[in-house]
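# Structure assessment
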Amino acid sequence: MAIFSVYVVNKAGGLIYQLDHYAPRSETEKTFSFPLDLVLKLHDERVVVAFGQRDSIRGGRPTGGVREAGKHWGSSEACGTVGHAVLSINGVDVNGKYTADGKEVLEYLGNPTNYPVSIRFGRPRLSSNEKLMLASMFHSLFAIGSQLSPELGSSGIEMLETDTFKLHCFQTLTGIKFVVLADPRQAGIESLLRKIYEIYSDFALKNPFYSLEMPIRCELFDQNLKLALEVAEKAGPFGPGS
């Protein structure tokens, strides 16, 4: 069981706090010969698999044209959703579209003289801008969920479930949303959400230097939140006096 991340969203839909608590490692390293049997593209300044599959390395779903090592692919061969990202080439880390030693990734992989080549792939991490955008999108979905309710006074979205995680949301009376992404088997999330609200009240709202609705930058809030997540993972629901 694991708790993946925590988001705090203000009543206007702005992300005011985010913590990545646990990220499953799903990396694969393979040696490739030329031509590369995966289609790569540049997506948000990262080189990702756009189309194709080899072992556990996968691309996303087809939507539009992409560029791969100097080529352009039509809509039937391309992909809009993000697949695995290139994390390193021949043991050299990749930062965005360049390797740590300054080589442009797509250009390097498009040159036959550089093969055979060892490439490590993994799940791309969300950028800060992507997290801000997704928090705003969830805020809108939450409002839509309330409006779609056939009864007045709907709580909005409290849980979204996928095959790999569950998203849990608790909204306070003042409109602050606490969102937790966790393993589908993780117990005690409802109690954890209220515990996070308690920590927010004690270490953010009571902090004289904190302004309401603004980003939370408080060391005591960080420390107590991380401790609460560790307790929740080990013990499940919070007991009396926790």
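Residues numbered from 1 in each chain as written. Predicted model: local features only at pLDDT ≥ 70, side-chain atom pairs only at ≥ 80, totals over all residues. Heavy atoms only, no water.

Bringing the overall build of the protein chain into the picture now. Within the protein chain, the secondary structure is distributed over four helices and 16 strands. Buried residues in the protein chain amount to 41% of all 242 residues. Sequence separation of 24 or more characterises 56% of the internal contacts of the protein chain that already satisfy a separation of 6 or more. With an accessible surface of roughly 13,700 Å², the protein chain has 53% of that area assigned to carbon and sulfur atoms. (Helix = DSSP H or I, 4+ residues; strand = E, 2+ residues; numbered from the N terminus. Buried < 20%, exposed > 50% of the residue type's maximum accessible area, 1.4 Å probe, protein only. Contact = heavy atoms within 4.5 Å. Areas by Shrake-Rupley, 256 points an atom, 1.4 Å probe, with all protein chains shown as cover.)

A separate point is the nonpolar core. Formed by 26 residues in total, the largest nonpolar core has its most connected members in Val180, Leu192 and Ile216. Tallying contributions element by element places helix 3 (residues 189-205) first for this core, with seven residues. Val86, Ile89, Val105 and Phe121 belong to the second-largest nonpolar core, a separate cluster that totals 17 residues. (Core = buried A, V, L, I, M, F, W, Y, C linked by side-chain atoms within 4.5 Å.)

The subject of this paragraph is a nonpolar patch on the surface. On the surface, Leu126, Met133, Leu134 and Met137 cluster together into a nonpolar patch covering about 350 Å² of accessible area. Among the structural elements, Leu134 can be located in helix 2 (residues 128-148). (Patch = residues over 30% accessible without salt bridge, like charges linked within 9 Å, V, L, I, M, F, W, Y side chains within 5 Å. Salt bridge = Lys/Arg side-chain N within 4 Å of Asp/Glu carboxyl O.)

With two bridges connecting them, strand 10 (residues 85-89) and strand 11 (residues 92-95) associate as antiparallel partners. When the sheet's bridge partners are listed, Ile89 is paired in strand 11 with Val92. In this structure, the hairpin formed by strand 10 and strand 11 is closed by a connection of two residues, where Asn90 is found at a positive phi of approximately 55°. Looking at chain direction, strand 11 and strand 12 (residues 98-99) are connected through two bridges and run antiparallel. Counterpart to Val94 in the pairing with strand 12 is Thr99. (Pairing = 2+ DSSP bridges.)

Counted at 1.5 Å a residue, the expected span for helix 4 (residues 219-235) with its 17 residues is 24 Å, and the 24 Å between its end C-alpha atoms agrees. All buried positions along helix 4 are accounted for by Phe221, Leu225, Ala228, Leu229 and Ala232. Buried residues of helix 4 fall within an arc of 100° about the axis and therefore sit on the same side. Facing away from the buried surface of helix 4 by more than 90 degrees, the exposed residues are Glu219, Lys234 and Ala235. Buried residues in helix 4 make contact with strand 1 (3-9), strand 2 (15-20) and helix 3. (Expected span 1.5 Å × (residues − 1). Arc of directions from axis to C-beta.)

Mapping His168 onto the fold places it in strand 15 (residues 166-171). Taking relative accessible area as the criterion, His168 reaches 11% and is therefore assigned buried. If we ignore the near neighbours within four places in the chain, the residues touching His168 are Glu158, Met159, Phe178, Val179, Val180, Ile189 and Leu193.

On to unusual backbone geometry, then. For the peptide bond that leads from Phe34 to Pro35, omega is 0°, which places it in the cis range. Mapped onto the fold, Pro35 is located in the loop between strand 3 (28-32) and strand 4 (39-43). At Asn90, a residue that is not glycine, the phi angle is positive and equals roughly 55°. Within the secondary structure, Asn90 sits in the loop between strand 10 and strand 11.

Attention shifts here to helix 2. With 21 residues, helix 2 ought to run about 30 Å at 1.5 Å a step, and its terminal C-alpha atoms sit 30 Å apart, in line with that. When we look at burial in helix 2, the residues that qualify are Glu130, Lys131, Ala135, Phe138, His139 and Phe142.

According to the stated counting rule, one finds eight aromatic pairs in the structure shown. The aromatic ring of Phe142 is capped on one face by Lys177, whose charged end is 4.8 Å from the ring centroid. (Phe/Tyr/Trp six-rings, centres within 6.5 Å; stacked < 30°, edge-to-face > 60°. Lys NZ or Arg CZ within 6 Å of the ring centre and 35° of its normal.)

When you line up the elements, Glu198 lands in helix 3. For the pair formed by Glu198 and Leu225, sequence separation is 27 residues and the distance between their alpha carbons is 9.9 Å.

Read these as spatial facts, not as claims about activity.
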